[in-house]
Amino acid sequence: MEQQANGGAGLSIASMVLGIVALVLSCCIYYISIPCAVVGIVLAIISLKGQRDGKGMAIAGLVCSIVSLIPAIFVIVMGAALVDGLNAYM
Amino acid sequence: MDSTHICDGVMNRDHRIDNVDQISRLCYYAGLVFAFTGLIGILLLAVLQIPISQVIPPCAFHSVTGYYCPGCGGTRAVIAMLHGRIFSSLCYHPFVVYMTAYYIVFEISHTLDIITGHRIRGLRIGPVYFYVGIALIIIQCIVKNILKYRYGISL
């Protein structure tokens, strides 16, 4: 139980680091930021499920990962729309 | 306090501190790997004369909307820092300067921890450093976009 709680702190830290990396790279290098955000969300959820250690960091990691997905998805959607538009024009 | 003390609360605290120390040491080694791969990457770019724009494309969000994403200015900040222009780097993206300073202090402290045999303790990974970083990213994004929207200032 102690090891589980202590492992949660490690997962929380990893989630927050990945969330920050995803936030900074959110739409410039989306092929890195999206996997980082997805992994960050997964780690945050695992860490939040019943662990006491690092709850704040897990929540911060979760929020940063979700926020970072917004511009990344925006860029992908815009890119897909542009390609569709070009194909229709040709 | 002696870690063999029988009080549960103290035992838990000692285990948590040990775990934070282990995580901090892991982060130190990860930092060394990061520095090594970063150096190799920079050398390759310099030797092969590959422009940075081919590796890191310009921000698509900024190109489409004209406004700034949380990472905008990061590449310019890193390039300015590598050229020794700390103030310019701070203006482009203050998180880069903050994280670089924290990284350097963290790595040096853990190196000294190893060399001196724990006489000088390495910096512990703590949430407050990350909260400050997140606050810097968000605040600089908001400030840049306000300056752009209200006054038409591009940074």
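Residues numbered from 1 in each chain as written. Chains lettered and ligands numbered in written order. Predicted model: local features only at pLDDT ≥ 70, side-chain atom pairs only at ≥ 80, totals over all residues. Heavy atoms only, no water.

## Things to note about the overall build of chain B
Right, on to step 1. Along chain B, the regular secondary structure elements total 7 helices and 0 strands.
Right, on to step 2. Counted from the first residue to the last, chain B has its helices and strands arranged as α-α-α-α-α-α-α.
Right, on to step 3. Sorting the 155 residues of chain B into buried and exposed places 29% on the buried side.
Right, on to step 4. By sequence separation, contacts in chain B at least 24 residues apart represent 51% of the contacts at least 6 residues apart.
Right, on to step 5. Taken as a whole, chain B presents about 9800 Å² of accessible surface, with 71% of it coming from carbon and sulfur. (Helix = DSSP H or I, 4+ residues; strand = E, 2+ residues; numbered from the N terminus. Buried < 20%, exposed > 50% of the residue type's maximum accessible area, 1.4 Å probe, protein only. Contact = heavy atoms within 4.5 Å. Areas by Shrake-Rupley, 256 points an atom, 1.4 Å probe, with all protein chains shown as cover.)

## Some details on the pattern of salt bridges
Residues and elements named next belong to chain B.
Right, on to step 1. One pass over the full model with this rule turns up 3 salt bridges over all chains.
Right, on to step 2. Close ionic contact of D21 with R124 constitutes a salt bridge, the shortest N to O distance being 2.6 Å. In this pair, D21 sits in helix α1 (residues 8–48) while R124 sits in the loop between α6 (94–115) and α7 (127–151), placing the two residues 103 residues apart along the sequence.
Right, on to step 3. For the salt bridge of R25 with D113, the shortest nitrogen-to-oxygen distance reads 3.5 Å. Residue R25 is found in helix α1, and its partner D113 is found in helix α6; the two are separated by 88 residues along the sequence. Just as R25 is buried, D113 falls in that class too. (Salt bridge = Lys/Arg side-chain N within 4 Å of Asp/Glu carboxyl O.)

## Details of the nonpolar core
Right, on to step 1. M16 and I20 of chain A together with F95, I125, I134 and I137 of chain B are the most contacted members of the largest nonpolar core, which totals 18 residues.
Right, on to step 2. At the level of secondary structure, the elements contributing two or more residues to this core comprise α1 (2–24) and α3 (55–89) of chain A together with α1, α6 and α7 of chain B.
Right, on to step 3. Among the elements that take part in this core, α1 of chain A stands out by supplying 5 residues, more than any other.
Right, on to step 4. If we skip the residues at most four places from it in the chain, I134 of chain B touches M16, I20, A60 and C64 of chain A.
Right, on to step 5. Formed by 8 residues, the second largest nonpolar core is a distinct cluster that contains C28, I29 and V75 of chain A together with Y68 of chain B. (Core = buried A, V, L, I, M, F, W, Y, C linked by side-chain atoms within 4.5 Å.)

## Concerning the interface of chain A and chain B
Right, on to step 1. Counting residues at the interface gives 24 residues for chain A and 23 residues for chain B.
Right, on to step 2. The junction of chain A with chain B conceals about 2100 Å² of combined surface from both sides, 77% of it contributed by carbon and sulfur atoms.
Right, on to step 3. Scanning the region where chain A abuts chain B turns up 0 salt bridges.
Right, on to step 4. Applying the counting criterion to the chain A and chain B interface returns 1 residue pair in polar contact (both at pLDDT 80 or more).
Right, on to step 5. Elements supplying a minimum of two residues to the side of chain A that touches chain B: α1 and α3 of chain A.
Right, on to step 6. Here the element with the most residues in the side of chain A that touches chain B is α1 of chain A; it accounts for 10 residues. (Buried area = accessible area lost by both parts, 1.4 Å probe. Polar contact = N/O pair within 3.5 Å; in protein donor to acceptor, adjacent residues only side chain to side chain.)

## Here we look at the confidence of the model for chain B
All names here are of chain B.
Right, on to step 1. Looking at chain B, pLDDT values average 84 and 88% of them are 70 or higher.
Right, on to step 2. Summarising per-element confidence for chain B, the mean pLDDT is lowest in helix α2 (residues 52–55) (72) and highest in α6 (93).
Right, on to step 3. Interface confidence for the predicted complex, expressed as ipTM, amounts to 0.71; the pTM equals 0.77. (pLDDT = per-residue confidence, 0-100.)

## What about helix α4 (residues 74–82) of chain B?
An α-helical segment advances 3.6 residues per turn. Residues three or four places apart therefore align on the same side.
Residues and elements named next belong to chain B.
Right, on to step 1. Burial in α4 covers these residues: G74, A77, A80 and M81. Down the axis, α4 shows its buried residues gathered within 125 degrees of arc, on one side only.
Right, on to step 2. The secondary structure elements touched by the buried residues of α4 are α5 (86–92) and α6.
Right, on to step 3. Of the residues flanking the end of α4, it is G84, one or two places downstream, whose phi is positive at about 85 degrees. (Arc of directions from axis to C-beta.)

## Structural notes on unusual backbone geometry
Residues and elements named next belong to chain B.
Right, on to step 1. Phi is positive for Q49, which is not a glycine, with a value near 55 degrees.
Right, on to step 2. Position of Q49 relative to the elements: it lies in the loop between α1 and α2.
Right, on to step 3. Phi is positive for H118, which is not a glycine, with a value near 70 degrees.
Right, on to step 4. The residue H118 is located in the loop between α6 and α7 in this model.

## Quick word on the packing of α6 of chain B against α7 of chain B
Residues and elements named next belong to chain B.
Right, on to step 1. Where α6 meets α7, the axes come as close as 9 Å, and the angle between the chain directions of the two elements is 165 degrees. Between α6 and α7, the angle is such that the two are roughly antiparallel. Between α6 and α7 the crossing geometry is right-handed. Between α6 and α7, the residues in contact are P94, F95, Y98 and Y102 and Y129, V132, G133, L136, I137 and Q140, respectively.
Right, on to step 2. Residues belonging to the contact of α6 with α7 are distributed by class as follows: 8 nonpolar, 2 polar and no charged. (Axes fitted to C-alpha atoms, helices over the stretch in contact; angles between N-to-C directions. Parallel < 35°, antiparallel > 145°, perpendicular 65-115°, else oblique. Left-handed = near helix turned anticlockwise from the far one by under 90°. Nonpolar A, V, L, I, M, F, W, Y, C, P; charged D, E, K, R; others polar.)

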